[in-house]
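Overview (structure and organization)
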Amino acid sequence: MNDEPSILLTNDDGIDSVGFRALYDALTEVGSVTAVAPKSDQSAVGRAISHEVPVHQHELGYAVAGTPTDCVVAGIESLVPETDLVVAGCNRGANLGAYVLGRSGTVSAAVEATFFDVPAIAVSMYIPVREDAAFSEVEENYDSYGEATRAASYLAAHSMGAGVFEQCDYLNVNAPVADRGPTEMAITEPSRVYQMGAERNGETVTLHDRIWERMAEGDIPDPEGTDRRAVVDGKVSVSPLTAPHTTEHHEALDGLAETYDRS
């Protein structure tokens, strides 16, 4: 690998989003950055993938009419084959908690990179809102991403050389809005607290994540050491994670397999 790493930058908010440009500019101080990002907003698509995607030249690299996963596959396999590191973000809104990881297009892009044995960093900025849907009402600006981009640049510059990815596949980074000056970084694990609810009203059912208003109030049940606790406390949360579907020895399931042919 060259002294200057080749960084593939993607996201799920779209290539022209404010957070994407802020992160692109910050990462140019670390390495050679090529954007391979969705042409339009692809939030919460998870690891959805397409068979064929149109690709267009963009001032920052390539705009792809597809999902974040499409961008990573197309980028590593075709558009930026020399990629040393994939960075996804900066997402408008946090990606916190174990149950969120599979929904997030930002995190899914990082996960996809790991299957190519390319280290990855997913980066999101926490916006204090009372419900997930309220993100559309929040006006963020370029400077508000300052803490998230500072953390991402630091990790992009130092994590590979420090051997971080010898012990994990990717990093999930969540930072507060940059309105308090630099803050500390906490190594965390995804919270297991789950407060999704559903309410029926006639022929529709409204799904609601109750954790958002608790976060806005600062009253959360998450213990110390978790990603959500760190961010609500004003810290940058960094969770070192492995790609999903880890297989572990399971004695009870082994017993079922042994009796299968006799059933």
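Whatever comes next refers back to the structure up there.
Residues numbered from 1 in each chain as written. Predicted model: local features only at pLDDT ≥ 70, side-chain atom pairs only at ≥ 80, totals over all residues. Heavy atoms only, no water.

**Focus on the pattern of salt bridges**
For clarity, the threshold we go by: Should a side-chain nitrogen of Lys or Arg be within 4 Å of a carboxyl oxygen of Asp or Glu, the pair is scored as a salt bridge. Each helix corresponds to a stretch of at least 4 residues labelled H or I by DSSP, and each strand to a stretch of at least 2 residues labelled E; elements are numbered beginning at the N terminus. Only protein chains enter the calculation, and the probe is 1.4 Å; a residue is then buried if its accessible area is under 20% of its type maximum, exposed if over 50%, and partly exposed in between.
Going through the model one piece at a time under the given rule, you end up with 7 salt bridges. A salt bridge links Asp25 to Arg21, with the nearest nitrogen and oxygen atoms 3.0 Å apart. Remark: Arg21 and Asp25 occur in helix H1 (residues 18–27); sequence separation between them is 4 residues, near one turn of the helix. For Arg21, a relative accessible area of 32% translates into the label partly exposed. We note a salt bridge from Arg21 to Glu59, for which the minimum N-O separation is 3.8 Å. Taken together, the residues Arg21 in helix H1 and Glu59 in the loop between strand S3 (55–58) and strand S4 (61–64) connect sequence positions 38 residues apart. The class of Glu59 is exposed, set by a relative accessible area of 66%. When salt bridges that share partners are traced, they join Arg21, Asp25 and Glu59 into one network.

**Things to note about helix H4 (residues 105–114)**
Side chains that are three or four residues apart share a direction in an α-helix, a result of its 3.6 residues per turn. As a reminder, the rule being used: By definition, residues are in contact when any of their heavy atoms lie within 4.5 Å. Here a polar contact is taken to be a pair of N or O atoms separated by no more than 3.5 Å, where protein atoms must pair a possible hydrogen donor with a possible acceptor and residues adjacent in sequence count only if both atoms sit in side chains.
For H4, the buried fraction is high: 10 of the 10 residues fall into the buried class. Turning to H4, its buried residues are Gly105, Thr106, Val107, Ser108, Ala109, Ala110, Val111, Glu112, Ala113 and Thr114. For H4, the secondary structure elements touched by its buried residues are strand S1 (6–10), helix H2 (68–79), strand S5 (85–92), helix H3 (98–101), strand S6 (120–126) and strand S7 (170–176). One side-chain oxygen of the residue at the start of H4 lies 3.2 Å from the amide nitrogen of Thr106, identifying that residue as Ser104.

**Quick word on the sheet that holds S6**
Formally: Two strands are said to pair when DSSP picks up at least two bridges between them. Helix axes are fitted only over the stretch in contact, all axes being lines through C-alpha atoms; the angle between N-to-C directions runs from 0 to 180 degrees.
Spatially, the 9 strands line up as an open sheet ordered S3-S4-S2-S1-S5-S6-S7-S11-S8, and their pairing is mixed. On the outer flanks of this sheet lie S3 and strand S8 (185–187), each paired with one strand and no other. Strand-to-strand, the axes of this sheet are offset by a mean angle of 20°, without reference to chain direction. Two strands pair when backbone bridges link them, and strand S2 (residues 32–38) and S4 are joined in this way by 4 bridges, in the parallel orientation. If you follow Pro38 over to S4, its bridge partner there is Val64. The strands touched by helix H5 (residues 146–158) are S5, S6, S7, S8 and strand S11 (236–241); relative to S7, the strand with the most contacts, the crossing angle is about 150°.

**Regarding the environment of Ser50**
Following the sequence through the fold, Ser50 ends up in the loop between S2 and S3. Each C-alpha atom, one on Ser50 and one on Gly161, is 34 Å from the other, the two residues being 111 residues apart in sequence.

**Brief notes about the side chain of Ser239**
Considering the arrangement of structural elements, one finds Ser239 in strand S11. A distance of 2.8 Å separates polar atoms of two side chains, one belonging to Ser239 and the other to Thr188.

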